[in-house]
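Next come the chains, spelled out residue by residue.
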Amino acid sequence: MSTISLRTNHNNDVTIISNIFIDSYMPTANGAYVKVYLYLLRCLSSNTFDLSISTIADQLEDTEKDIMRAIAYWEKVNLILVTRDENNQITNITFNNPAVPLTENYPLYTANIEVNKTNIHQGTASTIANNKENATSNDAIIKPTYTKAQIELMSKDDNVQLLLAAVESYMARPLKSADQQLILYLYENIGFSSDLILFLFEYCISINKKSASYVEAVALGWAKEGIDSEEKAKQYTNKYNKTYQAINKAFGLNRTPGDIEIKFINKWINHLNLPLELIIEACNRTLLRTGKPDFNYADKIITSWSENNVKSITDVTKLDQTHAKQAKPAYNAQKQTVAKTNTNNKFNNFAQRNYSKEDFRKMEQLLLNKQ
């Protein structure tokens, strides 16, 4: 494998780590990518000019593919300039001085999308507001399908380029077409900010859900709940995590809820708006009555409480007392019916005889004579 020459545009007597890199690039980059970048800088400052992918991999105890992926990432965000030979082997890496990622006053690229002819950049406040309003109105907005040429055009935008690269680092693999389509859809049509999209993927990956369909379902759920910032998303997910962890504990489960179970939890939290203590009480009652973690049974209890305007454990106690009072007359009537039925059965329906002492003496004498 060919050797790689390193060059720089700044002095190499020390290892220089730009504050811009630390503030703007490092937080969104994969930790393994940061390690490669820092190691290359260190080699540059120590006059280690003959490197190869294999030697870097050995030094960092990583695979060559991981090293190549890290280099491709830093090339994509324009922190390094990579030169390759005719065999696509890296021959030169030039470090560019980090610049603050542009957030405004950058070139505009217009995507020719039939359902949404808006600029590919962040957009005006009114455009984003309209997109968010559409996203929350019963799926009024149509999800576009971007062509490869459109994706390439959009990716020339600095914000989009950085966003795609950051999500790719979170996924720890190259983005699939479905991932790219989803990211652009959320960014352009739904009006999600870059920070919110990054947190969305970070959250889904943290619960081991990486499919584009799952991420999209979570995103649209957030949009319907009016979640339009990273801070709101964090508050929402913290509440949700606290809830399902408590439910898992009540049910004795040690796993992430399944899709159907998540629908039940979302119903209890977001639509019925019941406090957590009531949800846990319903789970406890379910486990006692069925002997298993039955979400469907718990949902019947919770729905009944909601229909009876139950808001607290005190309300549950009052409702239980009301049911007990209503049930007692019915139970007594049923008990009387059973007693009456028993007295009228064929075993009791015959004339009773009364025996005297003389009768018992005669029967005893008869038994003695038979002996």
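Whatever comes next refers back to the structure up there.
Small disclaimer: the values here were computed from a predicted structure and weren't measured.

**Thoughts on the nonpolar core**
Counting residues in hydrophobic clusters, the biggest one holds 64 residues, and the most contacted among them are L186, F192, W222, I247 and W268. In terms of residue count, helix α9 (residues 194-206) provides more of this core than any other element does, nine residues in total. Those residues within four positions of F192 in sequence are excluded, and the remaining contacts are L186, Y187, I197, A219, W222, A223 and I227. Grouped together as the second largest cluster of nonpolar side chains are 31 residues, Y37, L40, L51 and I71 included.

**Comments concerning the packing of helix α8 (residues 177-190) against α9**
Where α8 meets α9, the closest approach of the two axes is 10 Å, and the angle between their N-to-C directions is 140°. When the interaxial angle is binned, α8 and α9 end up oblique. With respect to the hand of their crossing, α8 and α9 are arranged in right-handed fashion. Seen from α8, the contacting residues are L182, I183, L186 and Y187; seen from α9, they are S194, I197, L200 and F201. Classifying every residue of the contact of α8 with α9 gives seven nonpolar, one polar and no charged.

**Details of the pairing of strand β2 (residues 80-84)**
In terms of strand pairing, β2 meets strand β3 (residues 90-95) through five bridges, oriented antiparallel. By the bridge assignment for β3, T83 is matched with N92. The hairpin formed by β2 and β3 contains five residues between the paired strands, and N88 there has a positive phi angle of roughly 65°.

**Quick look at the packing of aromatic side chains**
By the definition in use, this model includes eleven aromatic pairs. Note on F264 and W268: the rings are 6.1 Å apart at their centroids and 25° apart in plane angle, and the pair reads as stacked. Of the two residues, F264 and W268 are both situated in helix α12 (residues 259-271); the distance of four residues between them amounts to about one turn of the helix. Assigned by exposure class, F264 and W268 land together as buried. On the numbers, 6.1 Å between centres and 5° between planes, the contact of W268 with F295 is stacked. Residue W268 is found in helix α12, and its partner F295 is found in helix α14 (residues 295-307); the two are separated by 27 residues along the sequence. With a relative accessible area of 5%, F295 lands in the buried category. Taken together, the ring pairs in this structure connect F21, Y33, Y37, Y73, W74 and F95 into an aromatic cluster.

Rules of the game
Residues numbered from 1 in each chain as written. Predicted model: local features only at pLDDT ≥ 70, side-chain atom pairs only at ≥ 80, totals over all residues. Heavy atoms only, no water. Core = buried A, V, L, I, M, F, W, Y, C linked by side-chain atoms within 4.5 Å. Buried < 20%, exposed > 50% of the residue type's maximum accessible area, 1.4 Å probe, protein only. Helix = DSSP H or I, 4+ residues; strand = E, 2+ residues; numbered from the N terminus. Contact = heavy atoms within 4.5 Å. Axes fitted to C-alpha atoms, helices over the stretch in contact; angles between N-to-C directions. Parallel < 35°, antiparallel > 145°, perpendicular 65-115°, else oblique. Left-handed = near helix turned anticlockwise from the far one by under 90°. Nonpolar A, V, L, I, M, F, W, Y, C, P; charged D, E, K, R; others polar. Pairing = 2+ DSSP bridges. Phe/Tyr/Trp six-rings, centres within 6.5 Å; stacked < 30°, edge-to-face > 60°.

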